[in-house]
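Working through the structure, step by step
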Amino acid sequence: MASRLFGGVEGGGTKTTLAIFDETGKPLVHIETKEGTNLALVGPTVIASRIKALVITAYSTHPSVLCRKLTCLGLGLSGAEDKQVIEALKIELKSQLCPKYLSNVSRAITIVSDSIASLRAVTDGEGILLISGTGSCCVLLPPDVSSHDAIIRCGGGGHLIGDEGSAIQIALSAIRLYFQLVEGREHLHFSVKDLDMVETLLSQHFELSPSWKKSDLYHALYSTSIGDMKARVAGLTERIASAAEKGDRVCSFLFKQAGIELGDMICAVLQRRTFPGGTNSCVVCVGSVFQSWTLLMQGVWQSLTYRGLQSAISGIYHIHGSSAYGAARVAASKLVGAETGATQLPLLHKSHLKSLYEREQTNRAHRGRSVAIVAASLLAACLIVYY
């Protein structure tokens, strides 16, 4: 008998991904569109039609799923917070997808936030999602997410009031620091003599003339749409990361400060925990900034250690790819116990995760070093006695 099919959707403000998996979690389909499906920005009718278009494309271009309906469909959407809007979207999706593409069962469609979908790809227990791409935010989920009230959030809010530790804030911090020092303001760590690399990066990234001045940046910052401005400014962070990896002190400092900000968000959600919690919180990192984890790491651990919360973290992982698999897992879990033969999809394979920190590995490493030190000491004592 052919295995069941499980669909997952990741929906953001500018892009939507549909993936279809078999019972082992093997991906059979992965397609994207540049149309957004943020539920706080786009209405249920439009979102349903965009997802239906993706489903039709999947079935028309991938023979491996032909003649088989989706057992269930999970959606992990940005802005999926309002229960009434979520229910309205479910009704729209059922009317457009059932029964041709989707099994017509009461639990066939599950809609959660993109943060829940990302975490459930990796863990079924308590978890922390830490996002740092163009923007940033942090979310703590309890093992049983039965109510949005149980979810603890920190950060976000856009570049004007939040998004600390994100690509756009790293870039804006570099721009601010440059002009503060050039205009004669003092800084605890740097002087204008330390700015050669930052000046070069600004000139290259914004395509400025050799004798550029502050007002030359105004066009790039203020004359385009907010979306275009954020994308262009945030792109500077990749250059800053490259310079930091080569040893530039200012660029390294900017990433350490970003790490502290991200660590502060982890601490904030842990300290606001309202449900029983131990020392096994898994942190799942999503976003391009975590490709520079070695630059962020010192700042993150500085923040956690300062508040005595480093022992609360069991592991930190950077997830590759979309959260569509997590959305499919959430949908599949709703069928377990409610439908005969229903099975849960396995957790995301470690090949899709980059381990940034694992407590047991660290402990084993410490134990190994301790044993080595003791062994070396004993050997030295024996040699002293012998000679």
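Residues numbered from 1 in each chain as written. Predicted model: local features only at pLDDT ≥ 70, side-chain atom pairs only at ≥ 80, totals over all residues. Heavy atoms only, no water.

Bringing the overall build of the protein into the picture now. Counting secondary structure elements, the protein contains eleven helices and eleven strands. Scored against the burial criterion, the 387 residues of the protein give a buried share of 47%. Restricting to contacts in the protein with at least 6 residues of sequence separation, those with at least 24 account for 69%. For the protein, the exposed surface amounts to about 19,100 Å²; the carbon and sulfur share of it is 55%. (Helix = DSSP H or I, 4+ residues; strand = E, 2+ residues; numbered from the N terminus. Buried < 20%, exposed > 50% of the residue type's maximum accessible area, 1.4 Å probe, protein only. Contact = heavy atoms within 4.5 Å. Areas by Shrake-Rupley, 256 points an atom, 1.4 Å probe, with all protein chains shown as cover.)

Hydrogen bonds along the backbone pair up the strands of a sheet, which may run parallel or antiparallel. Ordered by their spatial adjacency, six strands build an open sheet running E8-E7-E6-E9-E10-E11, and the pairing between neighbours is mixed. Two strands bound the open sheet, and with one partner strand each, they are strand E8 (152-155) and strand E11 (353-358). Taking the axes of each pair of neighbouring strands and ignoring which way they run, one obtains an average angle of 20° across the sheet. (Pairing = 2+ DSSP bridges. Axes fitted to C-alpha atoms, helices over the stretch in contact; angles between N-to-C directions.)

For the coordinates displayed, the defined rule picks out eight aromatic pairs. Relative to Phe179, the ring of Tyr178 has its centre 5.1 Å away and its plane inclined at 80°; by these criteria the two rings are edge-to-face. Each member of the pair Tyr178 and Phe179 is classed as buried. If you follow Lys214 out to its NZ or CZ, it ends over the ring of Phe179, 5.4 Å from the centre. (Phe/Tyr/Trp six-rings, centres within 6.5 Å; stacked < 30°, edge-to-face > 60°. Lys NZ or Arg CZ within 6 Å of the ring centre and 35° of its normal.)

In terms of burial, strand E7 (residues 136-141) is a largely internal element, five of the six residues being buried. Following strand E6 (residues 127-132), the chain reverses through three residues before pairing antiparallel with E7. Both E7 and E8 contribute to a ladder of four bridges, which runs antiparallel. Residue Cys137 lies in a different strand from E8, and its bridge partner there is Gly155.

Before going further, it helps to spend a moment on the confidence of the model for the protein. Per-chain confidence: the protein averages 83 in pLDDT, with 87% of residues scoring 70 or above. The low-confidence segment residues 365-387, where pLDDT is below 50, has zero contacts with residues more than four positions distant or belonging to other chains. (pLDDT = per-residue confidence, 0-100.)

Looking now at the packing of helix H4 (residues 167-182) against helix H7 (residues 226-245). It is the contact of H4 with H7, at a shortest axis distance of 7 Å, that shows an interaxial angle of 80°. Looking at the two axes, H4 sits roughly perpendicular to H7. Packed against H4, whose contacting residues are Ala167, Ile168, Ile170, Ala171, Leu172, Ala174 and Ile175, the element H7 presents Lys230, Val233, Ala234, Leu236, Thr237 and Ile240 at the interface. (Parallel < 35°, antiparallel > 145°, perpendicular 65-115°, else oblique.)

One pass over the full model with this rule turns up eight salt bridges. Asp194 is the salt-bridge partner of Arg249, the closest N and O atoms lying 3.4 Å from each other. Here the residue Arg249 occupies a position in helix H8 (residues 249-271), and Asp194 occupies one in the loop between H4 and helix H5 (196-205), the gap between them amounting to 55 residues. The class of Arg249 is partly exposed, set by a relative accessible area of 48%. Residues participating in the shared-partner salt-bridge network are Glu183, Arg185 and Lys214. (Salt bridge = Lys/Arg side-chain N within 4 Å of Asp/Glu carboxyl O.)

This part covers the nonpolar core. If you look at the biggest cluster of nonpolar residues, it comprises 65 residues, and the most contacted ones within it are Ile128, Leu130, Phe206, Ile240, Ile266, Ile313 and Ile316. Tallying contributions element by element places H8 first for this core, with 13 residues. Dropping the residues within four chain positions of it, Leu130 is found in contact with Cys137, Cys138, Leu262, Met265, Ile266, Val283, Val284, Cys285, Val286 and Phe290. Counting 32 residues, the second-largest nonpolar core is a separate cluster that includes Ile31, Ile47, Leu75 and Ile109. (Core = buried A, V, L, I, M, F, W, Y, C linked by side-chain atoms within 4.5 Å.)

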